[in-house]
Structure formats: structure tokens, C-alpha cells
Amino acid sequence: MISSRFVICFLSLIFISASAQTEKDSLNMKLTILFQNQPLVLEQRYVSEKDTLQITMVKFYLSNVELIYTDGTSFAEKNSYHLIDASDTNSMHFKLLNPKKKSLLKVRFAIGVDSLASTSGALSGNLDPSKGMYWAWQSGYINMKIEGKSNLCTTRKNQFHFHLGGYLKPYNALRTVEIPIKEQWFDRNQLQLVMDLSSFFKAIDLKQTNSVMSPSKKTMELADVTALLFRIE
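Residues numbered from 1 in each chain as written. Predicted model: local features only at pLDDT ≥ 70, side-chain atom pairs only at ≥ 80, totals over all residues. Heavy atoms only, no water.

What about the overall build of the protein?
- What the protein contains, in helices and strands, is four helices and 15 strands.
- Within the span of the protein, comprising 233 residues, buried residues form 43% of the whole.
- Within the protein, contacts between residues at least 6 apart in sequence are counted, and of these 72% link residues at least 24 apart.
- Carbon and sulfur atoms provide 53% of the accessible area of the protein, an area that totals close to 13000 Å². (Helix = DSSP H or I, 4+ residues; strand = E, 2+ residues; numbered from the N terminus. Buried < 20%, exposed > 50% of the residue type's maximum accessible area, 1.4 Å probe, protein only. Contact = heavy atoms within 4.5 Å. Areas by Shrake-Rupley, 256 points an atom, 1.4 Å probe, with all protein chains shown as cover.)

Let's talk about the pattern of salt bridges
- A complete count under the given rule lists seven salt bridges for this structure.
- With a closest N to O distance of 2.8 Å, Lys 102 and Asp 71 form a salt bridge. Taken together, the residues Lys 102 in the loop between strand 7 (93-97) and strand 8 (104-111) and Asp 71 in the loop between strand 4 (52-69) and strand 5 (74-76) connect sequence positions 31 residues apart.
- Its salt-bridge partner being Arg 231, residue Glu 233 comes within 2.9 Å of it at the nearest N-O pair.
- The class of Arg 231 is partly exposed, set by a relative accessible area of 33%.
- It is possible to trace a salt-bridge network through shared partners that takes in Glu 66, Lys 106, Arg 108 and Glu 178. (Salt bridge = Lys/Arg side-chain N within 4 Å of Asp/Glu carboxyl O.)

Some points on the side chain of Thr 219
- Topologically, Thr 219 is positioned in helix 4 (residues 217-226).
- A polar contact is formed between the side chain of Thr 219 and the side chain of Ser 216, at a distance of 3.1 Å.
- Those residues in contact with Thr 219 that lie beyond four places of it in its chain are Leu 164, Gly 165, Ala 173, Val 212 and Ser 214. (Polar contact = N/O pair within 3.5 Å; in protein donor to acceptor, adjacent residues only side chain to side chain.)

A word on a positive patch on the surface
- Where like charges cluster on the molecular surface, the positive patch consists of Arg 45, Lys 149, Arg 156 and Lys 157.
- Mapped onto the secondary structure, Lys 157 falls in the loop between strand 10 (140-150) and strand 11 (159-165). (Patch = residues over 30% accessible without salt bridge, like charges linked within 9 Å, V, L, I, M, F, W, Y side chains within 5 Å. Lys, Arg positive; Asp, Glu negative; His and termini not counted. Charge placed at Lys NZ, Arg CZ, Asp CG, Glu CD.)

Examining the environment of Lys 169
- Looking at the secondary structure, you find Lys 169 in the loop between strand 11 and strand 12 (175-180).
- The sequence separation of Lys 169 and Pro 215 amounts to 46 residues, and the corresponding C-alpha distance is 9.8 Å.

Digging into the packing of aromatic side chains
- One pass over the full model with this rule turns up ten aromatic pairs.
- For the pair Tyr 61 and Tyr 141, a centre-to-centre distance of 5.8 Å together with 85 degrees between the ring planes defines the contact as edge-to-face. A residue pair is termed long-range when its members are at least 10 positions apart, and Tyr 61 in strand 4 and Tyr 141 in strand 10 qualify at 80 residues. Comparing Tyr 61 with Tyr 141, the two get one shared label, buried.
- Pairwise contacts between aromatic rings join Phe 35, Tyr 46, Phe 160, Phe 162, Phe 200 and Phe 201 into one cluster. (Phe/Tyr/Trp six-rings, centres within 6.5 Å; stacked < 30°, edge-to-face > 60°.)

Let's talk about the nonpolar core
- Core analysis: the largest hydrophobic core is formed by 47 residues, its most contacted members being Phe 60, Leu 197, Phe 200, Phe 201 and Phe 230.
- Sort the elements by how many residues they give to this core and strand 4 lands first, with eight residues.
- Among the nonpolar cores identified, the runner-up in size contains nine residues, and Tyr 61, Ala 117, Met 133 and Ile 142 belong to it. (Core = buried A, V, L, I, M, F, W, Y, C linked by side-chain atoms within 4.5 Å.)

Quick look at the environment of Asp 128
- As for its placement among the helices and strands, Asp 128 is situated in the loop between helix 2 (115-118) and strand 9 (134-136).
- The partly exposed category is assigned to Asp 128, whose relative accessible area is 27%.

Comments concerning the confidence of the model for the protein
- When pLDDT is averaged along the protein, the result is 87, and 86% of the positions lie at 70 or above.
- Overall, residues 9-23 carries pLDDT values under 50, and its contacts beyond four positions in sequence, including any with other chains, amount to four contacts. (pLDDT = per-residue confidence, 0-100.)

Quick look at the pairing of strand 12
- Residues Arg 175, Val 177 and Ile 179 of strand 12 are buried on one face, while the alternating residues Thr 176, Glu 178 and Pro 180, pointing to the opposite face, are not.
- Here six bridges tie strand 8 to strand 12, and the two strands are oriented antiparallel to one another. Directly across from Phe 109, in strand 12, lies its bridge partner Val 177. (Pairing = 2+ DSSP bridges.)

Comments concerning the environment of Lys 102
- Residue Lys 102 is classed as partly exposed on the basis of its relative accessible area of 27%.
- C-alpha separation for the pair Lys 102 and Asp 71, spaced 31 residues apart in sequence, amounts to 8.2 Å.
- Within the structure, the side chain of Lys 102 is placed 2.8 Å from the side chain of Asp 71, a separation counted as a polar contact.

Below, the structure written as C-alpha cells:
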């Protein structure tokens, strides 16, 4: 008769083997948000020649992740909706399961939520409206939220609010980002994605623009800026 100890050991070996295989057949995506060439610290006061700035919130959807290989094939993640929250370190990394072990040519992803998900009604997980990133059926999801304070803002408590989203024409704020991979496929199974938030504030004048809270022409302009914030290191 097989002992319970043997069964436990056997099942443990199966679990370890399966976990090792999953780790081998996965690619870790790690995101770092920078400001002034350093990892962003929420609520920290950043001083420049013209401004004193505090960033209190950065949240956005990174979706439709796809790996494109040098042989012309690709790997697209299913149900690919990742809510990145600067206040939650656990949201800053995720795994792509079962990518092909081939030389990478580029990585492609979207900033925001596509029209299909926006019109699908109440969803769960990262798309749950309780996450605070959903306006309504007509406006859809907020693709990116950036909030904080600046001495350039003449608003109450010098606050700025950028809620960028919308999926209906002419205000479809979804933006696709495509980044070339400079290295061949490597032994380490990780891609380091960097978001340089400083570039966002260099592209706007907080004296003139400090509150965007609904789909609009200005939203489209700022959505274009967000697509330029990312690189891979």
C-alpha cells in the first residue's frame, strides 16, 4: 500500500516541475516609472527651474501585449489588460505565459482599453469599475490618470488632473506603442519597460492646461504624448 508520505512527495515533485516549466516558458515584464531620471516617488516634491511639482497618482492600462519575433511570427497575450498603479508595486510586473523561445524583434502594446472592452458592460478583474478607471458606457475607460500639484497651477490647492480616455470617434484615446528590441533573445527571461514621466510635463504648459477630465481634442493631443513616454532597457 502506498504511504501518504510518498503521495505527498510525489505531488510536490509534480508541482515543482510544473512551476519550473512555467517559469521557463514565461517572460517577465517589469515596469519602472521615472521622474527626473530617478524612480518616481509619489508625494515627493520635485523642484526645477520653473516649477515645484508633486505627483500623487499615476494609473494606466497597459493592454494588448504582443511579442514580434525576427522570423515574422508573434505571440499575443490573451485577455491582455494590466492596470498599472504607481502606488502598488505588485502591479508593476507581470508574466507573459508560454512565449516562444525565439529572437525578439519588437514588443507592441496599447495604452488604454479598446472599444470591445469599453462596450462590454460591467467587467471584472483589472477592468472592474470599482478600480476607479471607468467613466460610463458612452465614454468608456480612463486610459491614464495623472494627478498632482504644481505651483504653476492657479487651481484650488494648485492641483492638476489629467484623466485621458474615450473610445468613440473622433476622440479615440487608445494609443499603440511599438518598441524595437536591440538585443537577441537572452538567457534572462525579463524585459525592463521604462516610463519617463518627466517627458509628459515637458510637453505641456501647466499654467494653460491643468485639467482634462473627459474625451476632447486636448485629450487626443495628450494621448499622443503618452505614447512617447516608453522605452525598453
